[in-house]
Amino acid sequence: MKISQNPAAHASTQAEQWMSPQDVCDQLQIPRQTFYQWRAKHMGPPAYRFGKLIRIDRDDFNAWLAGHAEPSTSSSSEVAENGR
């Protein structure tokens with residue numbers, strides 16, 4: 001038995017894969033100017049240009065974001081146990 005895929009659902013999934021610069025700014029709560037400054041300095045998430053449009057792949061964005069996580073600090077109980 002062959003299950004047909006819903007083309008509208010597939011298109012919706014593909015559309016959600018791409019983020020606009022404004023989507024990134026909204027997610028990070030930063031001004032657009034910051035996004036473009038990061039882009040100019042090659043500090044921001046990888047982006048793709050499609051004609052006049054700039055788009056960011058959601059998986060690339062999530063990987064970039066994970067790479068900017070600060071290391072966790074040791075808890076106070078660990079500090080007490082180690083005598084520091």
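Scroll up for the structure.
In this text the structure is predicted, and so the values were computed from the model without any measurement. The residue count restarts for each chain, going from 1 along the sequence in the order it is written. Local features are withheld for residues below a pLDDT of 70 in this predicted model, meaning they are given only at 70 or higher, and side-chain atom pairs are given and counted only at 80 or more; totals for whole chains, interfaces and linings count all residues. Hydrogens and water molecules were not included; the side-chain quantities draw on all heavy atoms of the structure.

Trainee: Outline the packing of helix α2 (residues 21–28) against helix α3 (residues 32–40), supporting the account with residue identities and numerical values.
Mentor: Helix packing for two helices is described by the angle between their axes and how far apart those axes are. Between α2 and α3, the least distance of the axes is 9 Å, while the angle of their chain directions is 110°. Our classification of the angle between α2 and α3 gives roughly perpendicular. When you trace α2 past α3, the crossing you get is right-handed. Within the contact between the two elements, α2 uses P21, Q22, V24, C25 and L28 and α3 uses R32, F35, Y36 and W38. Lines fitted to C-alpha atoms define the axes, with helix axes restricted to the stretch in contact, and inter-axis angles between N-to-C directions lie between 0 and 180 degrees. Strands are runs of DSSP state E lasting at least two residues, helices are runs of H or I lasting at least four, and both sets are numbered from the N terminus onward. An angle counts as roughly parallel when it lies under 35 degrees, as roughly antiparallel when it exceeds 145, as roughly perpendicular when it falls between 65 and 115, and as oblique in every other case. Whether a crossing is left-handed or right-handed is set by the direction in which the near helix is turned from the far one by less than a right angle, anticlockwise for left-handed and clockwise for right-handed. By the convention used here, residues are in contact when the closest approach between their heavy atoms is within 4.5 Å.

Trainee: Could you give an account of unusual backbone geometry, with specific residues and numbers?
Mentor: Backbone geometry at Q29 places phi at a positive 55°, although glycine is not the residue there. Take Q29: it is sitting in the loop between α2 and α3. Positioned with a positive phi, H42 is a non-glycine residue whose angle comes to about 60°. With respect to the element layout, H42 can be found in the loop between α3 and β2 (48–50). Overall, the relative accessible area of 73% leaves H42 in the exposed class. Only protein chains enter the accessibility calculation, which uses a 1.4 Å probe; a residue is then buried when its area is under 20% of its type maximum, exposed when over 50%, and partly exposed in between.

Trainee: Quick one: what's the story with the side chain of D57, residue by residue and with numbers?
Mentor: Mapping D57 onto the fold places it in strand β3 (residues 53–57). Distance and chemistry together define a polar contact, namely a pair of N or O atoms within 3.5 Å, with one atom able to donate a hydrogen and the other to accept it when in protein, and with adjacent residues in sequence counting only for side-chain atoms on both sides. Separated by 2.8 Å, the side chain of D57 and the backbone nitrogen of D59 make a polar contact. Discounting residues that sit within four places of it in the chain, D57 has contacts with Q17, W18 and Y48.

Trainee: Which residues make up the nonpolar core, and what values do they have?
Mentor: Looking at soluble globular proteins, one finds that nonpolar side chains tend to be buried together. Core analysis: the largest hydrophobic core is formed by nine residues, namely M19, V24, C25, I30, F35, I54, I56, F61 and W64. Of all the elements in the fold, those that place two or more residues in this core are α2, β3 and α4 (58–66). In this structure W64 touches L28, W38, M43, G44, P45 and P46, once residues within four positions along its chain are discounted. We call a set of buried residues a nonpolar core when its members are Ala, Val, Leu, Ile, Met, Phe, Trp, Tyr or Cys and they connect through side-chain atoms within 4.5 Å of each other.

Trainee: Outline the pairing of β3, supporting the account with residue identities and numerical values.
Mentor: Sheet topology note: the strand β1 (residues 18–19)/β3 ladder contains two bridges and is antiparallel. If you follow W18 over to β3, its bridge partner there is D57. As paired elements, β2 and β3 share three bridges and run antiparallel to each other. Counterpart to Y48 in the pairing with β3 is R55. Counting the residues between successive antiparallel strands, the hairpin from β2 to β3 contains two residues, one of them, G51, with a positive phi of roughly 65°. A pair of strands is labelled paired if DSSP reports no fewer than 2 bridges between them.

By themselves, these observations are geometric and do not establish any function.
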